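Fold and geometry: a report
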Amino acid sequence: MKEHKTHYNRIVLSLILALLLGACRGQSAAAPTPDMAVIATSVAATLQAQAPSATPTSEFTATATATPTETATPTQTPTSTSTPTATRPPATNTPTVACNQASFIADVTIPDGMRVSKNETFTKIWRVRNSGSCTWSANYTVVFNSGSNLASTSSFKLGSEVKPGGTIDISITMTAPNSNGTVQSGWNLRSENGTNFGVGANGGVPFFAKVVVTDSALNSKYNFAANVCSATWFNNNGTLPCPGDTSGSKGYVRASTSAELEHGYEDELMLLLRPNHASNGYIEGIFTSYLVKTGDRFIGRVGCQANSKDCHLRFVVLYQDSNGNRHQIEDWTQFADGSTALINIDLNSLAGSTVRFILRVEVLNSDYADANGFWLLPAIQNP
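Residues numbered from 1 in each chain as written. Predicted model: local features only at pLDDT ≥ 70, side-chain atom pairs only at ≥ 80, totals over all residues. Heavy atoms only, no water.

Now for unusual backbone geometry. In this structure, the amide linkage connecting Cys242 to the following residue, Pro243, adopts the cis form with an omega of -5°. The residue Pro243 is located in the loop between β12 (238-240) and β13 (252-256) in this model. Residue Asn307 is not a glycine yet carries a positive backbone phi of 60°. With respect to the helices and strands, Asn307 occurs in the loop between β18 (297-304) and β19 (312-320). When its relative accessible area of 80% is taken as the criterion, Asn307 is described as exposed. One non-glycine residue, Leu377, lies in positive phi territory at about 50°. Tracing the chain through its elements places Leu377 in strand β23 (residues 373-381). With a relative accessible area of 25%, Leu377 lands in the partly exposed category. (Helix = DSSP H or I, 4+ residues; strand = E, 2+ residues; numbered from the N terminus. Buried < 20%, exposed > 50% of the residue type's maximum accessible area, 1.4 Å probe, protein only.)

Shown next as structure tokens:
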């Protein structure tokens, strides 16, 4: 600030001297008295021109007309004022569920193709689901539909109410004809107003029993494979569905009348099963109560299924008494070596007792995927 003021004083002094010298040189007229206000204004203008951009603090306040600052309007993306049209999903048609509709779940007893003897009596049980929108009352009936009527009559009361989504086991006692061959007996449901319906997508398929009648069929007192789904099946993780899914690692059981076993092809009734994948994996079925009679024998054959080269299993027959206690009868260890074990157990020690038989299979190595076993013709016979 001091330096600036000194420079200002020098300029004022120089201007005054220049005016005095000019006055002295003039010959024709007297020199006018210098106007100090004009000099100050001139000096101020000169300083303003030489000053830096920042306005210095000065003892003189210069009055100047400021150039108005133009305010720039920022450029903005124009906003559309139109309302976008919402895109609606395509309309879907919700399928209409029929009032009376059924779905087949499983053959609880007597799998298709089971061999029976001429005039043999057996009980066929189907597990069916109400997949319609109406409740089936106890007054709905099961009516003969097609094939051969192997029952004593052509219609039976359903006997229980089944709400939509519920299941029921439909049981009919049948008798094989006195002639050899394959026999099929088809049945439907009938509502109280007389509407007949079966299973399948359109309700047009009857549920049926299909047996092969022969002279030499096993006439059992109790056939475990024929009654496979009347048993409750377990493994380490709890109960299992019946018939089970052969894929996965949870284990399964199902009846079959056709399978490749380690000793060759068989077309007799059998149980195919596998324990769950675990070091202590097992599968067992607890069957319904049975009154053991004098002369009863437990028969069958056990082994590994074909293409299960690392199969190593333990088969066990047990029973549960009326107090719920379990007792082992006998066990067999099997490898995939082409040989099978024949079972023939005398049950006379249990004659007169009502028991529940238990079939159990345990895995004995870590090759769980190969732990595929079978019970061929497991049954109680009384010659």
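A few words now on the pattern of salt bridges. Enumeration over the complete set of coordinates arrives at 13 salt bridges. Measuring nitrogen to oxygen at the nearest pair gives 2.8 Å for the salt bridge that ties Asp107 to Lys124. Taken together, the residues Asp107 in strand β1 (residues 102-107) and Lys124 in strand β3 (residues 121-130) connect sequence positions 17 residues apart. Given a relative accessible area of 19%, Asp107 falls into the buried group. Residues Glu284 and Arg360 are paired through a salt bridge, measuring 2.8 Å at the closest nitrogen-oxygen approach. Taken together, the residues span a long stretch of sequence, with Glu284 in strand β17 (residues 282-291) and Arg360 in strand β22 (residues 354-363) at a distance of 76 residues. Assigned by exposure class, Glu284 and Arg360 land together as buried. Taken together, the shared-partner salt bridges in this structure form one network comprising Glu284, Arg314, Arg326, Asp331, Arg360 and Glu362. (Salt bridge = Lys/Arg side-chain N within 4 Å of Asp/Glu carboxyl O.)

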